[in-house]
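# Geometric and topological summary
For reference, the chains in residue letters:
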Amino acid sequence: MAQTHVVATGVEARVASGIPTGKMGVWWFLASEIVLFGGLIGSFVMSRVGSGGWSEMAAHLSVPLGTFNTFVLLTSSLTMVLAFAAAEKGDQKGMRTWLLLTVLLGLAFLIIKGFEWGSEIGAGFTPMAGSFWSFYYTMTGLHALHVLGGVVVNSILFLSALMGLLRGREHRVELAGLYWHFVDIVWIFLFPLLYLSWTKGGI
Amino acid sequence: MSARVEVEERVSFFRTYVFSIDHKMIAKQYLAIGLFWAVVGGLLAYLLRWQLAYPDTEAPGWGFIGPEFYNMLVTMHGTIMVFFVAMPILLGAFGNFLIPLMVGARDMAFPRLNMLSVWTLALSSLVLLISFFVPGGAASAGWTGYPPLSAKPIYTGVNWGLNLWILALALEFASFLMSGINFLTTPINLRAPGMSMFRLPLLVWMQMTAAILFMLSVGPLIAGAIMLLLDRVAGASFYLPQGGGDPLLWQHLFWFFGHPEVYVIFLPGLGIVLEIFPVFSRKPIFGYRPIIYSTIAAGILSFTVWAHHQFISGMDPRLAMPFSVTTILISVPFALMVFAMIATLWGGSISFPTPMLFALGTLAVFLIGGLTGIFNGSAPVDIYIHSTYFVVAHFHYTLFSALFFAGFAGLYFWFPKMFGRMMNEALGKLHFWLTFLLFNAVFIPMFLLGAGGMMRRIANPMQYEFLRPLQPLNTFATIATILLLLAQLPFVVNFFWSLFAGKVAERNPWQANTLEWSAPSPPPHGNFDTVPVVYRGPYEYSHPSVSEEWLPQDRPTMPTATA
Amino acid sequence: MFRWLPEMVSTYGGDIDAMMYLIYYIVGAWFLLTCGAMLLFLILYRRREGRRATYIEGNSLREAAWILVPCLIVLVLDLWIDLRGGEVWAKVKRHAPPSDHRVQVTGKQFNWEILYPGPDGQFGTGDDLQLDNELHVPVNKVVWVVLKSKDVIHSFFLPHLRLKQDAVPGRAIEAWFKATKPGRYEIPCAELCGFGHSGMNGFLIVHPADEYERWVKEHWPSS
Ligand SMILES: [Cu+2]
Ligand SMILES: [Cu+2]
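Residues numbered from 1 in each chain as written. Chains lettered and ligands numbered in written order. Predicted model: local features only at pLDDT ≥ 70, side-chain atom pairs only at ≥ 80, totals over all residues. Heavy atoms only, no water.

### Structural notes on the nonpolar core
In a soluble, globular protein the nonpolar side chains are often hidden away together inside. The cut-off we apply is this: The nonpolar core is taken to be a set of buried Ala, Val, Leu, Ile, Met, Phe, Trp, Tyr and Cys residues, with the residues joined through side-chain atoms within 4.5 Å. A 1.4 Å probe rolled over the protein chains alone gives each residue an accessible area, and that area as a share of the maximum for its type sets the label: buried under 20%, exposed over 50%, partly exposed in between. Here a strand is any run of E in DSSP of at least two residues, a helix any run of H or I of at least four, and the numbering for each starts at the N terminus. Marked domain ranges trace back to an automatic or database domain assignment. Here a residue-residue contact requires only that any non-hydrogen atoms of the pair lie within 4.5 Å.
Among the nonpolar cores identified, the biggest contains 349 residues, and B:Met76, B:Ile80, C:Leu135, C:Phe156, C:Phe177 and C:Leu204 are the most heavily contacted of them. No other element matches helix α3 (residues 66–103) of chain B, which puts 24 residues into this core. Both of domain 1 (13–46 + 59–94) and domain 2 (101–219) of chain C provide at least three residues apiece to this core. With sequence-adjacent residues up to four places away left out, C:Leu135 is seen in contact with C:Val103, C:Ile114, C:Tyr116, C:Phe156, C:Phe177, C:Ile187, C:Phe203, C:Leu204 and C:Ile205.

Written out as structure tokens, the structure reads:
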């Protein structure tokens, strides 16, 4: 039952709104991601205000490691910007270098985070240890999955750049960058909420 | 203009029918998935109605039901109808088929993403199907899945069934998030030349609003579903008070999504009706722009009403009235749409083929659904009717109108475009009248049962003294349900018979204006012979400057076209 | 529709019923008007040879007024329903009278455990009495119910008193009623709570004053 018909190939060039189609797709995707993390953060705040005693738990997180990791992720955002800047200038080598650095920084973030989880679980603070820990592991875990997704995407971009497949498709670096900055911004919210918001005797 | 390379290519069977990236084939796949689940959902309805009318007797064709199985029936009936019938048909099938055609595009903005969405839904369907057969059976904590009942296997006796239920829903959400990206990007970016936003058919506006509502409301529930799964399998305590969690958190997350979700289903149904009314009234839709503005207003309001599902949940009673006010206010934009549809009929030249009958049926049925919503929305009245059959009847009047009346209207209307053949009118009219009468025969008794205080989700009303005198109403509703299900046979016959032997359809059998009618029936991959140029809005019927009663959007005749 | 309502035997039940009547008449009138207009137009403007539809877009304010004015009326009626609803809600939920009797009702799969504080009026003392599914109260007295749950969410429903309130684990939620007629009324659970949900049912026994005295004497002979 095979058919013969006209198949459209190539990208439809028409862009009625002026915003490139790929970019708009990514923006809509990020909009839905914002409400996903928004819902999680909102639930966290509601539950925390509603129950109390979480401050004590939050004090067990390692602020130095968290701060360092924040720094790592922020730097990776910078290298991503530089990768796109290089791509726009047509500097393929620069683009590859900065992409590789972004990937490595993302991996560094995950390794440090993994180490933190290990030591917390070692100290007995498993996801079963109460609501705070349930939230902590879910929020950082979901975020880490997003970081992992970003690392995979950036690695694919890096590898296709190595093979010269990215020539003429440099805008993909920009799209991946949008996502990577989003992942970074989510962490900017999670870090103070989880690590820094504890006082002696606070909720 | 578009720089396109067209290649003559032999496309394999798999690429045409299975892993297709053509939005029209994808739409048909959605339709197939939706219709499959509609059959399953209908059978579940038969069984649960049987149990209610003749408790603890053997249902013909099945056997003994009983309370545990009954809980599974209501849970899966709700889940299937909302997520696996309504969304695949109204958004998946109609949205996918019509959006690119109506905006004058050759396909969706991201055809591969589109294919991924339908296959994610197929996977989700498979997971849901498997969940029926795992030990312990499928989910039975209600389609709303309230914890703690849903958060610990011991409370329901269902372990993997409910885990898979969560997984299936998560996949379904992912599928429609991907669709949403296409549904929004395509009309914004791939509109044909001349197609300004305010020349888009209302159906496209409705689909876009639905997509935005879905994408902006489902995130918190996805987060909530992850938490629920972790409570179940990892011993977390988001919803369990023993570990410091709060059961009400889920209700907030669920209904923050749940109420917009009602409009995610309803608006595309309304969009279908709004397309059909002008065609068979031979008149422009009355108040095109006011309808768009009130759709947007209703969409925004729908994010502010969720706690009307929680008036008696134990939340702060001071919160009830604000939510009650916003809920009742939402009747204003919908009233405007209803009035606009009736005003469209005024001074028209109205004919009554099957699609128009179903469209009118949608309006009548929705009117009752919307008006009875005021009872539920009023906080003090809700104290009494919450969780009764009044609510069940109410939401069936709204959702059945959108899903089945509007859905059938759309199928009869666009069948010639989808499959290139006309459906049979006599069978169609028979189908309409039977469905319309029997639908009311099923659900009007439920309003009365609700007034009598009959609770939802009880397997045996005879266990309650105050409900025993109401039992004849239950029996009546059950018999009507069985007849309503049988009344779908004319449709099934008509559908398959017309598919192969129906009268071959021309391009524009209904003499309608929107762009899909300028494409061949059925349109080939790529849709249009040449990309159409749009000169006017979608509803220029009986325009004084032309002798015909219709004036397609892409016909370059009228001097006022450049306005 | 209202002849199906169960007999009403509480002080605020009448207000809730009146609210239902109010909405019923308003939406009933709207339904008749709207459906009437629709049917009228369908008949008047059915397709006939030689007649062409009138071209009206309804986008100008003058034309759109035909739908905007009815919408305004809908808005006014909505606000009326809201205002009346607010009053009734406040009466039931916000301005509850002080209690004459207190009981604690704990939902569990699939029973109502009803705890009476005994003559000292204090829970957790030696004279507490627990009965399953039997709530005894005197007529015309304000009874406060503290609702708890041991496992999942249940919903304490007294159809004849127009009272419904969820019992949520981890919370103690208060509800009140004043029964106006002696008798035996059912207390079904109105929230799906597991396989035994259907049939989870208790009884409210409203005693006349003297009979209630006797019931108390029977269970707390020492007092
Ligand atoms: Cu709602
Ligand atoms: Cu219960």
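Past the structure itself, the notes keep going.
### A closer look at the interface of chain B and chain C
Inclusion rule: Summed over both partners, the accessible surface that disappears when two parts come together, traced with a 1.4 Å probe, is what is meant by buried area. Should a side-chain nitrogen of Lys or Arg be within 4 Å of a carboxyl oxygen of Asp or Glu, the pair is scored as a salt bridge. As used in this structure description, the phrase polar contact means that two N or O atoms lie within 3.5 Å; if the pair is within protein, one of them must be able to donate a hydrogen and the other to accept it, and residues adjacent in sequence are counted only when both atoms belong to side chains.
Contacts between the two partners involve 100 residues from chain B, matched on the other side by 82 residues from chain C. When chain B packs against chain C, the two sides together hide about 7900 Å² of surface, and 70% of this comes from carbon and sulfur. It is B:Phe339, B:Ile383 and B:Tyr384 that lose the most area in chain B upon contact with chain C, and together they represent 9% of the buried surface on that side. On inspection of chain B and its partner chain C, the count reaches 2 salt bridges. Ionic pairing is found between C:Arg171 and B:Asp246, a salt bridge with its closest N-O pair at 2.8 Å. For the pair chain B and chain C, the interface holds 34 residue pairs in polar contact (both at pLDDT 80 or more).

### Focus: the packing of α3(B) against helix α14 (residues 389–419) of chain B
All names here are of chain B. So the rule is basically this: Note on geometry: axes are lines fitted to C-alpha atoms, helical ones only across the stretch in contact, with angles between N-to-C directions running from 0 to 180 degrees. Put simply, a crossing is left-handed when the front helix is turned counterclockwise from the back one by less than a right angle, and right-handed when it is turned clockwise. Side-chain classes are defined by residue name, with Ala, Val, Leu, Ile, Met, Phe, Trp, Tyr, Cys and Pro counting as nonpolar, Asp, Glu, Lys and Arg as charged, and the others, Gly among them, as polar.
At a minimum axis separation of 11 Å, α3 and α14 run at an interaxial angle of 35°. As α3 runs across α14, the sense of the crossing is left-handed. Contacts from Tyr70, His77, Met81, Val85, Ala86, Leu90, Phe94, Phe97, Leu98 and Met102 of α3 reach α14 at Tyr389, His396, Ala402, Leu403, Phe404, Gly407, Gly410, Leu411, Trp414, Lys417 and Met418. Grouping the amino acids of the contact of α3 with α14 by side-chain chemistry returns 16 nonpolar, 4 polar and 1 charged.

### A short note on the state of the cysteines
Note the threshold: Any two cysteine sulfur atoms lying within 2.5 Å of each other are counted as a disulfide.
Counted by the stated rule, this structure contains 0 disulfides over all chains. Free of any disulfide, C:Cys71 has its nearest cysteine sulfur in C:Cys35, 17 Å distant.

### Remarks on the coordination of the copper ion (ligand 2)
All names here are of chain C. The condition that has to hold: Each metal's donors comprise the N, O and S atoms found within 2.8 Å of it (within 3.2 Å for Na, K or Ca). Water is not part of the atom list, so some coordination spheres may appear incomplete. All geometry calls rest on donor angles, where a four-donor set with angles between 85 and 135 degrees is tetrahedral, four- and six-donor sets with opposite donors more than 155 degrees apart and all others between 65 and 115 are square planar and octahedral, and all else is irregular.
Looking at the copper ion (ligand 2), one finds its protein donor set to be His154 (ND1), Cys189 (SG), Cys193 (SG) and Met200 (SD), positioned 2.1 to 2.5 Å from the metal centre. Seen from the copper ion (ligand 2), its 4 donor atoms lie at angles of 94 to 122°, and the figure they make is tetrahedral. Classification of His154 by relative accessible area gives buried; the value is 0%.

### A few points about unusual backbone geometry
In terms of backbone geometry, most residues other than glycine have negative phi values and most peptide bonds are trans. Residue and element names in this part refer to chain B. With an omega dihedral of -10°, the bond running from Ser521 to Pro522 counts as a cis peptide bond. Tracing the chain through its elements places Pro522 in the segment after α17 (489–501). Not every positive phi belongs to a glycine, and Arg457 is a case in point at roughly 60°. If you trace the backbone, Arg457 turns up in the loop between α15 (425–451) and α16 (471–486). Although it is not a glycine, Ser542 sits at a positive phi angle of roughly 55°.

### So, the pattern of salt bridges
Going through the model one piece at a time under the given rule, you end up with 18 salt bridges over all chains. For C:Glu113, the salt bridge goes to C:Lys150, with nearest N and O atoms at 2.9 Å. Separated by 37 residues along the polypeptide, C:Glu113 in strand β2 (residues 111–116) and C:Lys150 in the loop between β5 (142–149) and β6 (154–158) bring together distant segments of the chain. Note on C:Lys150: relative accessible area 53%, which makes it exposed. Each of B:Arg282, B:Glu549 and C:Arg47 takes part in a single network of salt bridges with overlapping partners.

### A short note on the packing of helix α4 (residues 92–122) of chain A against helix α5 (residues 131–162) of chain A
All names here are of chain A. Put simply, the test is: Oblique is the label for any angle not under 35 degrees, not over 145, and not in the 65 to 115 range, which are roughly parallel, roughly antiparallel and roughly perpendicular in turn.
Contact geometry of α4 with α5 gives a least axis separation of 9 Å together with a crossing angle of 155°. Judged by the inter-axis angle, α4 sits roughly antiparallel to α5. Crossing hand, α4 versus α5: left-handed. Partitioned by chemical class, the residues of the contact of α4 with α5 number 20 nonpolar, 7 polar and 4 charged.

### Some words on the pairing of β5(C)
Residues and elements named next belong to chain C. Note the cut-off: For two strands to pair, DSSP has to find at least two bridges joining them.
Within β5, 7 of the 8 residues are buried, which leaves the element mostly enclosed by the surrounding structure. With 7 bridges joining them, strand β1 (residues 101–108) and β5 adopt parallel strand pairing. Paired with Arg102 across the two strands is Trp144, which belongs to β5. Here β5 pairs with strand β8 (residues 173–178) via 6 bridges, running antiparallel. The residue bridging Trp144 from the neighbouring strand is Trp176, located in β8.

### With respect to helix α11 (residues 331–345) of chain B
Going by this rule: To estimate how far a helix should extend, the number of its residues minus one is multiplied by 1.5 Å.
Given a rise of 1.5 Å per residue, 15 residues ought to cover 21 Å, and the 21 Å separating the end C-alpha atoms of α11(B) matches this to within 8%. When you tally the buried positions in α11(B), you get 15 out of 15 residues, the bulk of the element.

### A few points about the domain arrangement of chain C
Quoted interface sizes are often the accessible area lost when the parts come together. Residue and element names in this part refer to chain C. Its domain assignment divides chain C into domain 1 (13–46 + 59–94) and domain 2 (101–219). The straight-line distance from the C-alpha centre of domain 1 to that of domain 2 is 38 Å. On the side of domain 2, 4 residues touch domain 1, which itself brings 6 residues to the contact. Summing both partners gives a buried area of about 380 Å² for domain 1 against domain 2, and 38% of it is carried by carbon and sulfur. When the buried surface of domain 1 facing domain 2 is broken down by residue, Asp17, Val92 and Lys93 rank first, second and third, together holding 61% of it. Summed over the shared surface of domain 1 and domain 2, the result is 1 salt bridge. Among the salt bridges present, the one from Arg162 reaches Asp17, with a minimum N-O distance of 2.7 Å. The interface formed by domain 1 and domain 2 contains 3 residue pairs in polar contact (both at pLDDT 80 or more). Residue assignment for the side of domain 1 that touches domain 2 shows that the elements contributing at least two residues are α1 (13–44) and α2 (61–94). A breakdown of the residues in the side of domain 1 that touches domain 2 according to their chemical character gives 2 nonpolar, 1 polar and 3 charged.

### Focus on the sheet that holds strand β3 (residues 129–132) of chain C
Residue and element names in this part refer to chain C. Strand order in the open sheet formed by 5 strands is β3-β2-β1-β5-β8, with mixed pairing between adjacent strands. The sheet is open, and its two borders are formed by β3 and β8, each paired with just one other strand. For this sheet the average axis-to-axis angle between neighbouring strands, irrespective of direction, equals 25°. With 4 bridges connecting them, β2 and β3 associate as antiparallel partners. Note on β3: the bridge partner recorded for Leu115 is Gln130.

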